[in-house]
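Coordinate analysis (summary)
As a plain string of letters, each chain reads:
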Amino acid sequence: MATGAPADGIDESELRVGSAPSSAVGVPAVRHAMQMSVAQMGVLRSARTLLRVNQKDGFDCPGCAWPEEERRHIAEFCENGAKAVAEEATLRRVGPDFFAAHSLADLQGRDDYWLGQQGRLTDPMILDEDATHYRPASWDEALDVVADELRALEDPDEAVFYTSGRTSNEAAFLYQLMARGLGTNNLPDCSNMCHESSGSALTQTLGVGKGTVSIEDIHDADLLIIAGQNPGTNHPRMLSALEKAKRRGATVVAVNPLPEAGLKRFKNPQTAHGVIAGGTAIADEFVQIRLGGDQALFQAIGKHLLEIEAREGGVVDRAFVEAHTVGFDDYRAAVAAVAWDDLEEATGIPRDGLRMLGERVRAAERTIVCWAMGLTQHKHSVATLRDVVNMLLLQGNLGRPGAGVCPVRGHSNVQGDRTMGIYEKMPEAFLATLGAEFGFDPPRAHGFDTVAAIRAMRDGAVRVFMGMGGNFVSAAPDTRVTEAAMRRTRLSVQVSTKLNRSHVVTGRRAVILPVLGRTDRDTRGGREQRVTVEDSMSSVHASRGRLRPPADDLLSEVAIVTRLSARLFADRADAPRADWEGLESDYARVRRHIAHVVPGFDRFEERIEKGRSFRLPNGARDRAFTTPSGRAHFTGNALQYPRIPQGRLLLQTLRSHDQYNTTVYGKDDRYRGVRGGRRVVFVHPADIASLGLIEGDQVDLVSEWPGESGVVERRAEGFRVVAYDTPAGNAAAYYPETNVLVPLDSVADVSGTPTSKCVIVRLERRRSAVHAPIVEG
Ligand SMILES: Nc1nc2c(c(=O)[nH]1)N[C@H]1C(S)=C(S)[C@@H](COP(=O)(O)OP(=O)(O)OC[C@H]3O[C@@H](n4cnc5c(=O)[nH]c(N)nc54)[C@H](O)[C@@H]3O)O[C@H]1N2
Ligand SMILES: Nc1nc2c(c(=O)[nH]1)N[C@H]1C(S)=C(S)[C@@H](COP(=O)(O)OP(=O)(O)OC[C@H]3O[C@@H](n4cnc5c(=O)[nH]c(N)nc54)[C@H](O)[C@@H]3O)O[C@H]1N2
Ligand SMILES: [Mo]
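What you see is a predicted model, and the numbers here were worked out from it, not measured in a lab.

Turning our attention to the confidence of the model for the protein. Summing up the model confidence of the protein, the mean pLDDT is 92 and the portion of residues at 70 or higher is 92%. This stretch, residues 1-9, has a pLDDT under 50; its non-local contacts, to residues over four places away or in other chains, come to 22 contacts.

Applying the stated criterion across every chain, the model contains 60 salt bridges. Between E285 and R360 there is a salt bridge, with its nearest N and O atoms 2.5 Å apart. Taken as a pair, E285 in strand β11 (residues 285-287) and R360 in helix α19 (residues 351-363) lie far apart in primary sequence, 75 residues in all. A relative accessible area of 18% places E285 in the buried class. On the basis of relative accessible area, R360 is assigned to the partly exposed category, the value being 30%. Through salt bridges with shared partners, a single network forms among R648, D700, E704, E713, R715, R762, E764 and R766.

Neighbouring ligand 1 are 32 residues, the closest being N256, E260, D294, H378 and N661. Within the backbone of V255, a nitrogen or oxygen atom sits 3.1 Å from a nitrogen atom of ligand 1. Separating an oxygen atom of ligand 1 from a backbone N or O atom of N661 is a distance of 2.7 Å. For ligand 1, whose accessible area on its own is 920 Å², the fraction buried by protein is 99%. Of all the secondary-structure elements, those providing two or more residues to the shell around ligand 1 are α11 (231-234), α20 (373-376), β24 (649-654) and β25 (659-660). The leading source of residues in the shell around ligand 1 is α20, at 3 residues.

Here the focus is the domain arrangement of the protein. On domain assignment, one finds that the protein holds domain 1 (113-194 + 413-514 + 549-599), domain 2 (196-407) and domain 3 (649-765). Each of domain 2 and domain 3 was reduced to a C-alpha centroid, and the two centroids are 26 Å apart. At the interface, 23 residues of domain 2 touch 27 residues of domain 3. When domain 2 packs against domain 3, close to 2100 Å² is buried across both sides, 56% of that on carbon and sulfur atoms.

To continue, consider the site of ligand 2. Lining the immediate environment of ligand 2, one finds 29 residues, of which Y162, S164, E557, T662 and N739 sit closest. Contact between ligand 2 and A475: a nitrogen atom at 2.8 Å from a main-chain N or O atom of the residue. T662 has a polar side-chain atom sitting 2.6 Å from an oxygen atom of ligand 2. Burial of ligand 2 by the surrounding chains reaches 96%, relative to a free accessible area of 940 Å².

Our next topic: the nonpolar core. L150, F161, F173, M178, V511, L513 and F601 are the most contacted members of the largest nonpolar core, which has 64 residues in total. Sorting elements by how many residues they give to this core places helix α8 (residues 169-182) first, with 9 residues. In this structure M178 touches F161, M466, V561, L564, S565, L568 and F569, once residues within four positions along its chain are discounted. In terms of nonpolar packing, the next biggest core, distinct from the first, is built from 54 residues, V287, A296, V316 and L639 among them.

Attention shifts here to unusual backbone geometry. The residue after Y735, namely P736, is reached through a cis peptide bond having omega 10°. For P736, the location among the structural elements is in the loop between β31 (730-734) and β32 (759-765). Even without being glycine, R603 reaches a positive phi, approximately 50°. Along the chain, the position of R603 falls in the loop between α29 (587-597) and α30 (604-607). For R603, a relative accessible area of 47% puts it in the partly exposed group. Unusually for a residue other than glycine, R623 sits at a positive phi of about 60°. Relative to the elements of secondary structure, R623 occurs in the loop between β22 (613-615) and β23 (632-633).

Scanning the entire structure with this criterion turns up 16 aromatic pairs. Here the aromatic rings of Y162 and F472 are separated by 4.9 Å at their centres, their planes lie at 75°, and the arrangement is edge-to-face. Pair noted here: Y162 is in strand β7 (residues 159-163) and F472 is in helix α25 (residues 472-475), with a separation of 310 residues, a long-range link. Overall, Y162 belongs to the buried group, its relative accessible area being 2%. A relative accessible area of 0% places F472 in the buried class. Here F173 and F438 contribute two aromatic rings whose centre-to-centre distance is 6.1 Å and whose plane-to-plane angle is 45°, an arrangement assigned as tilted. With F173 in helix α8 and F438 in helix α23 (residues 428-438), the pair connects residues that are 265 residues apart, well separated along the chain. Taken as a pair, F173 and F438 share a single burial class, namely buried. Ring-pair connections join several aromatic residues into one group, and the members of that group are F98, F99, W114 and Y134. Over the ring of W114 we find R110, and its NZ or CZ is 4.0 Å from the ring centre.

Attention shifts here to the side chain of H657. When you line up the elements, H657 lands in the loop between β24 and β25. A polar contact is formed between the side chain of H657 and the side chain of T233, at a distance of 2.7 Å. If we skip the residues at most four places from it in the chain, H657 touches E79, N80, K83, G232, T233, D669, R670 and Y671.

Attention now moves to the sheet that holds strand β29 (residues 698-707). Strands sit in the order β24-β31-β28-β30-β29-β32 around a closed barrel of 6 strands; the barrel is mixed. Taking each pair of neighbouring strands and ignoring which way they run, the sheet shows an average axis angle of 45°. Note that β29 and strand β30 (residues 710-723) share 9 bridges and pair antiparallel. Counted as the bridge partner of V699 is F719 from β30.

What follows concerns the packing of helix α7 (residues 139-151) against helix α27 (residues 557-569). Running from amino to carboxyl end, α7 crosses α27 at an angle of 50°, the nearest separation of the two axes being 9 Å. Here α7 lies oblique to α27, going by the angle between them. Seen along the crossing, α7 lies across α27 with a hand that is right-handed. Across the interface between the two elements, W139, D140, L143, D144, V146, A147, L150 and R151 of α7 pack against I560, R563, L564, R567 and L568 of α27. Here the residues of the contact of α7 with α27 are counted per class, giving 8 nonpolar, no polar and 5 charged.

With that settled, consider the pairing of strand β9 (residues 251-255). By the criterion of burial, β9 is predominantly enclosed, with 5 of the 5 residues buried. Burial along β9 is two-sided: T251, V253 and V255 and V252 and A254, pointing in opposite directions, are all buried. Bridge count for strand β8 (residues 223-227) against β9 is 5 bridges, and the pairing is parallel. Among the inter-strand pairings, A227 is bridged to a residue of β9, identified as V255. Summarising the sheet, β9 and β11 pair through 3 bridges and their orientation is parallel. Looking at the pairing, V253 lines up with E285 of β11.

Calculation rules
Residues numbered from 1 in each chain as written. Chains lettered and ligands numbered in written order. Predicted model: local features only at pLDDT ≥ 70, side-chain atom pairs only at ≥ 80, totals over all residues. Heavy atoms only, no water. pLDDT = per-residue confidence, 0-100. Contact = heavy atoms within 4.5 Å. Salt bridge = Lys/Arg side-chain N within 4 Å of Asp/Glu carboxyl O. Helix = DSSP H or I, 4+ residues; strand = E, 2+ residues; numbered from the N terminus. Buried < 20%, exposed > 50% of the residue type's maximum accessible area, 1.4 Å probe, protein only. Near = heavy atom within 4 Å. Polar contact = N/O pair within 3.5 Å; in protein donor to acceptor, adjacent residues only side chain to side chain. Areas by Shrake-Rupley, 256 points an atom, 1.4 Å probe, with all protein chains shown as cover. Domains from an automatic or database assignment. Buried area = accessible area lost by both parts, 1.4 Å probe. Core = buried A, V, L, I, M, F, W, Y, C linked by side-chain atoms within 4.5 Å. Phe/Tyr/Trp six-rings, centres within 6.5 Å; stacked < 30°, edge-to-face > 60°. Lys NZ or Arg CZ within 6 Å of the ring centre and 35° of its normal. Pairing = 2+ DSSP bridges. Axes fitted to C-alpha atoms, helices over the stretch in contact; angles between N-to-C directions. Parallel < 35°, antiparallel > 145°, perpendicular 65-115°, else oblique. Left-handed = near helix turned anticlockwise from the far one by under 90°. Nonpolar A, V, L, I, M, F, W, Y, C, P; charged D, E, K, R; others polar.

Rendered as structure tokens:
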């Protein structure tokens, strides 16, 4: 039985490595986006579709969660947003014929790229026990199979309801209601693997687990620190905002082990300036930090500021600290105790450089720190982010214009899903209100997050796994363990737009429920419905799909959940009471319930009319901190950073320019100079030499993790070594091919996020290695 991303039979003979470009976006980006769009959906549909992205009364881009600018370009458009749209709006189809032609064994041998390229799912499909093929089913049969299995559970905690972050607010709200109606809080989500560390750190210190800045704040900041984020690929529209800030005089500092193209120079395809001239150099300073060195970096800045404060004063915003914070002394003691030698060792940056950065921060009037996965996917991520907050609090850089924290979210509605209650430990106030609204008693015991869910599945404690979108088996860590865990369930159910590995590595039985996507027209109860989403800056707005759906009787996520709920709860006295049919035929009725249950959504329907949006309350933004003390919390954190054993490398797993998480659009990574392959590992030239390798060698990546009875090894096979500008000792390779290396037990303290940016590996040269040269002259 095939396990893990299949390595054998993958042909990467076309792999070539050249030099990385010195700028991002520009005209080539538009050309690449158009090529892919036209290949997937033809010329007319491409034009019609791309003009609707992020326009008022259009649909929300399924790409990322970066907010729209107030004055929108005709096409509020970016290359990777266009690719995400094309991927969904494709004219290719996966229906009963496809499944008849491809056995499960055949599909298991394919990689994520091939699976994703096959097109949109059109029909409910069932995989019976021991069957070799999926078979088509009616909606009623498919939903009955799921409902029957859920009703047969002895204990509702034997079910797990996963959510990926594209799900609309309306669907997410009903989905969590269904899980809690059944009696479980087992609601893991992609956020557990993503920004959970941000949520944990910000809730503790600021009282709200979200960012505090608006897009205007970005424009108005005079110092922007972009740490652990690759916006040129993953949030390209953010570059326009950074460009605007720079035109107003802002300084941008990029903190990253890799010199990412988008951070170096940005050519805005929407301004003549960007196309004709050389574009804007985005980062004024590039701080090439060692993997996991960020806590040290922010401590160093804080230490510098406090040393100057002690000598000359005038650095710390005393009035703010006095009136709005607690814990200042703890923080001061912690950074006083840390040695400059350790800060240098952890960051790889000499103390002069650290102090110069401290001077930049000291001189700035308004500072914002933006971050993404480079800061959240480490063992000490929560402590790192607490130290980000500490640094900002010193100068009162919270709750005033042009200043604050900006965790840049991934999936387009991941933040909204959490607001709607997709969380294994929602607070009592939410649960009580939910119970009152629907006349039932929601469970209070905390549920499983993603890693806990995998453990429970592995141990045979879960009988039904349901995924509302996403690709659980590929996105989760420790692929072999996760796949075996999935196979122990009795039934796995995927609500999906496209085929992926979670449809072919399944429970004993499996159901595929195909679903409408963000771009598809959604007609229910005789009228066109819209849904809502929340962006990275807590702004909520409507999204309405316009395209003809891939199949006529495709259901929406909302309809799938209401129909399942009706089946689950019709004859149960202790279940939530709702008019399931009515909710399906009019999503405004779902929004009315949301308005009653979720704080900040009063007059919901009215506030999203005519393309309007509204921002959710955020105490920290107004210095009304919603912590128990009513103040922001400084914290004293011991310095942590990864130690790399002799002869080993520290590996980060990251995204190429040609993928959306586990959806691989193509095998190029233009901004890093890679073409035609993904099984590459980026290594510092000195490490290549000291490990006795040469560039182009084929190696296995072997991770080492201390288990109960000695070191446990995990292996990802057949990667070509590429010399790259990364700190010595640090390496990088693509996700999800490398998820097989991330041990399930290697998680961040407090948040439980898998440490995808911090895996100790050794490189083992393959004996039957391929030696064809890959480097272009
Ligand atoms: N086109 C496209 N857009 C996307 C996605 C996609 O896959 N494709 N995914 C979406 C999702 S869900 C998310 S969460 C976001 C992800 O957005 P990113 O977080 O930008 O994604 P990654 O590719 O994981 O990149 C991590 C970045 O952090 C750097 N880094 C790694 N470790 C460290 C460290 O220890 N310190 C510092 N300072 N930097 C470090 C890496 O070099 C890299 O530049 O993007 C979203 N948008
Ligand atoms: N090693 C490593 N692992 C990681 C990461 C990393 O950086 N390194 N990053 C982590 C992060 S940040 C995240 S967010 C997770 C992502 O984890 P997931 O969100 O689970 O994965 P995706 O690849 O985004 O899911 C793609 C699938 O979602 C389905 N889909 C797309 N649109 C829709 C829709 O509108 N509705 C429904 N119902 N389904 C839809 C399609 O079937 C598609 O195949 O992965 C995590 N895993
Ligand atoms: Mo994410």
